[in-house]
Each structure stands twice: as structure tokens, then as C-alpha cells.
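As a plain string of letters, each chain reads:
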Amino acid sequence: MTALELRHLSVTLRGRAVLRDVSLRVAPGELVGLIGPNGAGKTTLMRAALGLVPFEGESSLAAMPPATRARTAAWLPQAREIAWPVTVERLVMLGRLPHLAAGQRPTAQDRAAVDAALAATGLAQFRHRTATRLSGGEQARALIARALAQEAPLILADEPTAGLDPAHQIATMQRFRALADAGRAALVSIHDLGLAVRHCTRLVMLDAGRLVADGAPGRVMTPERLAQVFHVRGYFADTAEGPVFQSLDLLEKVE
Ligand SMILES: Nc1ncnc2c1ncn2[C@@H]1O[C@H](COP(=O)(O)OP(=O)(O)OP(=O)(O)O)[C@@H](O)[C@H]1O
């Protein structure tokens, strides 16, 4: 079974090839970390997969009718700003829209999904607070809660841990991993390579729009790739608690 299949995906923006011939499959049970330096094409890959930017090639998700796609995949974009002064609870309930007919009131099941998402993101005590009055990290968690409330079989999240404190970074990755362990699938872009190595079941590395490695975290994250792609040196260890990685030094000046 496949949750997402991309075949020979290429994207050209303003005449520049920003994604080149990327093929990728995500299966139920996988938490796939999309890693790569700034500008590597991580956001573009996810946006193309969703059909939000024109692309060449095939995406199983973009090929779906919009209503089916909305029930199949939850999307957490990179921008975390909340523009509307609605309560946190209402914001998270927006994640249930794909399940509601036009004008239909939320059911007990919808409310239960919202409660679970608020609890999972540690926001239950803020449910009646206006979302624009949350801190930056709390707003980020409210948007994660909205994506979780959608209860889609696949979640695509662009840097879901950005701006979160360490406890909430870990909680977010553990939540995605729990979804995967329960048979759903997640594709998350992530800059924290330590978190990626520790929590993802698989890593996909992009560099300059190309897929350069795909596999188990320990196989993808090698000192050689770290040097070639990220221009850093790192510390790797296989511990009783699982793989550990920490970036240490720059290998050369990054422009
Ligand atoms: N609308 C656009 N027009 C032209 N170029 C764009 C556009 N959007 C993105 N790009 C370029 O495409 C490349 C890939 O961008 P993308 O946002 O996918 O990278 P990323 O890996 O997500 O980066 P980051 O880690 O910085 O978020 C970058 O070089 C970027 O400048």
C-alpha cells in the first residue's frame, strides 16, 4: 500500500529548475523526514505533491479530486502566522471541514477529534483564547493541532518543529511517530537533524532540487553526505537509546 507516490517530479519556477526528477513513495507506517539545506526544494516538493505548484511528472495526491485530497492529506505549511481572531478551538475545528457537508454542524466525533488534537499539542487550557493572542510557538502548536484534527491518513508538514521549545519539538515528533506506528503516514521537512535521526523511520535528503539519499536514518546521515550536502561536521553515535546526532562545526564558509 502507498500513502503517497511521486514519480519523476520536476518543478521549474521563474525559469529555474528547483526540483529535478524526484521519485518517492511514502507507505502507511512511515514517518519520513525530508532534509536538505535552505533552498534544496523541500517546500517545493511538498507543495507540488499537493498540486499547489505546477509540476511535471506524477503525484498520487495532486491527481485526486480536491474533496478526496482534503480527506486524504493534512497540510501544515511553513508560515505559522494566524490572521483571524478566532478562538483556538474554532481554529482547530477548521481541520474538520473536509469531514463536514456544507452548513453541517460539528458532530460529537468532530468535537472529540478537536479535543484530542488540543490535548496532544498541550493547548487544552487555551481553547477559548483568541488564537492571535497566543505566543509564536503556541500559534505553531495550534496549527499543528488543526492538522492533527483532520485525522487524515497522510500528513505533510513543513518544518513542524520550527519555533517550538525542546519539549514540544519532541512531543510533536513523537506524535507524528505515533500516527505512523498506528498505520498512518507522515512526510515532514526538518532542519534539526538530531530530531530527524532520532524520530523518523526514514530520511529523504534533497540537495539543489535532487534527491541524493533515501533510506534508514543511519544509512542516509553519513559523515560524507553531511560534509558534501550540509558543509558541516557532526557527532554520530549508536546508543542504547537509538541513534544520536549533533552538528559540531562548519567545514567551510557558507555563503
Ligand atoms: N515562487 C518562486 N519563484 C522562484 N523561485 C522560487 C520560488 N519559490 C521558491 N523558489 C526557489 O526554489 C528553491 C527551493 O525553495 P524551497 O522553498 O522549496 O526550499 P526549501 O528546501 O524548503 O528551503 P528552506 O529550508 O529554506 O525552507 C529555492 O532556491 C527558492 O529560492
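Check the entry above for the structure.
Computed from a predicted model, the values in this text were never measured in an experiment. (Residues numbered from 1 in each chain as written. Predicted model: local features only at pLDDT ≥ 70, side-chain atom pairs only at ≥ 80, totals over all residues.)

Colleague: Could you give me a rundown of the pairing of strand S6 (residues 154-158), with the residues and numbers involved?
Modeller: Moving residue by residue along a regular strand, the side chains alternate between the two faces of the sheet. Counting buried residues in S6 gives five out of five residues, a clear majority hidden from the surface. Across the two faces of S6 the burial is the same, with Leu154, Leu156 and Asp158 and Ile155 and Ala157 all buried. Relative to S6, strand S5 (residues 73-76) runs parallel, the two being bridged by four bridges. By the bridge assignment, Ala73 is partnered in S6 with Leu154. For the crossover that starts at S6, traverses helix H6 (residues 166-181) and ends in the parallel strand S7 (residues 185-189), the hand is right-handed. (Buried ≥ 20, exposed ≤ 12 C-beta atoms within 10 Å, placed from the backbone. Helix = DSSP H or I, 4+ residues; strand = E, 2+ residues; numbered from the N terminus. Pairing = 2+ DSSP bridges. Right-handed = clockwise from strand over helix to strand, strands pointing away.)

Colleague: Kindly report on the sheet that holds strand S3 (residues 31-35), identifying the contributing residues and their values.
Modeller: Read from one edge of the open sheet, six strands run S5-S6-S7-S3-S8-S9, paired in mixed fashion. Each end of this open sheet is capped by a strand with a single partner; those strands are S5 and strand S9 (210-215). Within the sheet, the average angular offset between the axes of one strand and its neighbour, ignoring direction, is 15 degrees. Contacts from H6 reach S3, S6 and S7, with the element oriented near 150 degrees to S7. (Axes fitted to C-alpha atoms, helices over the stretch in contact; angles between N-to-C directions. Contact = placed C-beta atoms within 7 Å.)

Colleague: Explain the environment of Ile35 to me, using residue names and the numbers behind them.
Modeller: Following the sequence through the fold, Ile35 ends up in strand S3. A tally of 28 C-beta atoms within 10 Å means that Ile35 is categorised as buried. Residues Ile35 and Arg225 lie 190 residues apart in sequence; the distance between their C-alpha atoms is 12 Å. Setting aside residues no more than four positions away along its own chain, Ile35 makes contact with Ile190, Leu193, Ala196, Leu203 and Met205.

Don't take any of this as a statement about function, it's just geometry.
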